[in-house]
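Next come the chains, spelled out residue by residue.
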Amino acid sequence: MAIMNVNPTRMEMKRLQGRLKTAVRGHKLLKDKTDEMIRRFITLAEENKRLRIATEKELGQALAAFSAARVVTDERVVEEAILMPTRTVTLNCGKRKVMGIDVPAIEIAGESSGDLYPYSFLTVTEQLDDSVRGLNAVLINLVKLAETEKTCNMLADEIEKNKRRVNALENIMIPQLTETIKYIKMKLDESERAATVRLMKVKDILNN
């Protein structure tokens with residue numbers, strides 16, 4: 001480990017000892033924070049997996065019903081039936097804190113009171129009804145999945161940054177400060193021994 005380029009003085013050693021103490025404390029805090037973030041990430045990742053499986057299953061069922069509707073009904077009739085939806089959804093997109101990180105907070109603020117089915121039941125089959133109903137039901141999971149997945153990505157990025165900081169402190173800064181303090185102490189001890197030898201020689205000369 002390379003020693004820092006400093007003057008081997010007591011004042012410099014005291015300053016470096018203060019830096020070392022701060023670095024050790026910071027290393028512990030960062031490591032504890034990283035461990036807690038990993039715990040939160042694992043919990044969110046499990047929730048994300050559950051939501052993704054449920055959402056993909058519901059979407060698959062809705063899309064299968066839509067494909068069935070296109071098979072038994074003229075394609076133009078199906079397209080005209082869903083061309084003008086009568087309901088809209090409003091989302092509130094904000095932020096919340098997770099381990100000091102601003103992550104998205106998305107919620108369904110409201111839904112218009114229009115008819116769920118924007119077409120006449122005489123023109124289409126029940127498969128299209130099933131598809132529209134399924135897509136409407138999956139919306140809540142889709143919103144929650146988007147929020148959870150983005151939070152997981154942001155936490156993963158922050159965990160990686162913290163790990164790099166912990167490694168830099170653990171493998172570079174703390175060892176470098178420790179070695180430099182040892183070097184200064186050695187130099188100071190050498191200076192004290194040299195001063196003691198000189199004093200003894202002067203005393204011998206005076207006594208003779």
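So, how was this worked out
Residues numbered from 1 in each chain as written. Predicted model: local features only at pLDDT ≥ 70, side-chain atom pairs only at ≥ 80, totals over all residues. Heavy atoms only, no water. Helix = DSSP H or I, 4+ residues; strand = E, 2+ residues; numbered from the N terminus. Buried < 20%, exposed > 50% of the residue type's maximum accessible area, 1.4 Å probe, protein only. Contact = heavy atoms within 4.5 Å. Areas by Shrake-Rupley, 256 points an atom, 1.4 Å probe, with all protein chains shown as cover. Expected span 1.5 Å × (residues − 1). Bend = angle between axes of the 7 residues up to and from the residue. pLDDT = per-residue confidence, 0-100. Core = buried A, V, L, I, M, F, W, Y, C linked by side-chain atoms within 4.5 Å. Salt bridge = Lys/Arg side-chain N within 4 Å of Asp/Glu carboxyl O.

On to the overall build of the protein. Helix and strand counts for the protein come out as 3 helices and 2 strands. Starting at the N terminus, the α and β elements of the protein follow one another as α-α-β-β-α. The proportion of buried residues among the 208 residues of the protein is 25%. A sequence separation of at least 24 residues applies to 77% of the contacts in the protein between residues at least 6 apart. Summing over all exposed atoms, the protein offers an accessible surface of approximately 14100 Å²; the carbon and sulfur share of this is 57%.

What follows deals with helix α3 (residues 126-207). Since one α-helical turn is 3.6 residues long, residues separated by three or four positions face the same way. Its 82 residues place the ends of α3 118 Å apart at the C-alpha level, agreeing with the 122 Å of an ideal helix rising 1.5 Å per residue. When the local axis directions of α3 are compared, the greatest deviation, roughly 40°, occurs at leucine 169.

Another point: the confidence of the model for the protein. Scored by pLDDT, the protein has a mean of 85; 88% of the residues are at 70 or more. Across the protein, the secondary-structure element scoring lowest on mean pLDDT is helix α2 (residues 75-82), at 69, and the one scoring highest is helix α1 (residues 10-72), at 91.

With that settled, consider the nonpolar core. The biggest cluster of nonpolar side chains holds 14 residues, and the ones touching the most others in it are Leu16, Leu177 and Ile184. Of all the secondary structure elements, the ones that give two or more residues to this core are α1 and α3. Counting residues per element, this core draws most heavily on α3, which supplies 7 residues. By size, the runner-up hydrophobic cluster in this structure holds 8 residues, among which are Met37, Val98, Leu155 and Ile159.

Right, let's get into the pattern of salt bridges. Between side chains of opposite charge, a pair can form as their charged atoms come close. The tally for this structure, following the rule as stated, stands at 16 salt bridges. Here glutamate 160 makes a salt bridge to arginine 164, at a shortest N to O gap of 4.0 Å. Within this pair, glutamate 160 and its partner arginine 164 are both found in helix α3, separated by 4 residues, close to a single helical turn.

This next bit is on unusual backbone geometry. Phi at methionine 99 takes a positive value of approximately 55°, unusual for a residue other than glycine. When you line up the elements, methionine 99 lands in the loop between β1 (89-98) and β2 (101-111). Taking relative accessible area as the criterion, methionine 99 reaches 21% and is therefore assigned partly exposed.

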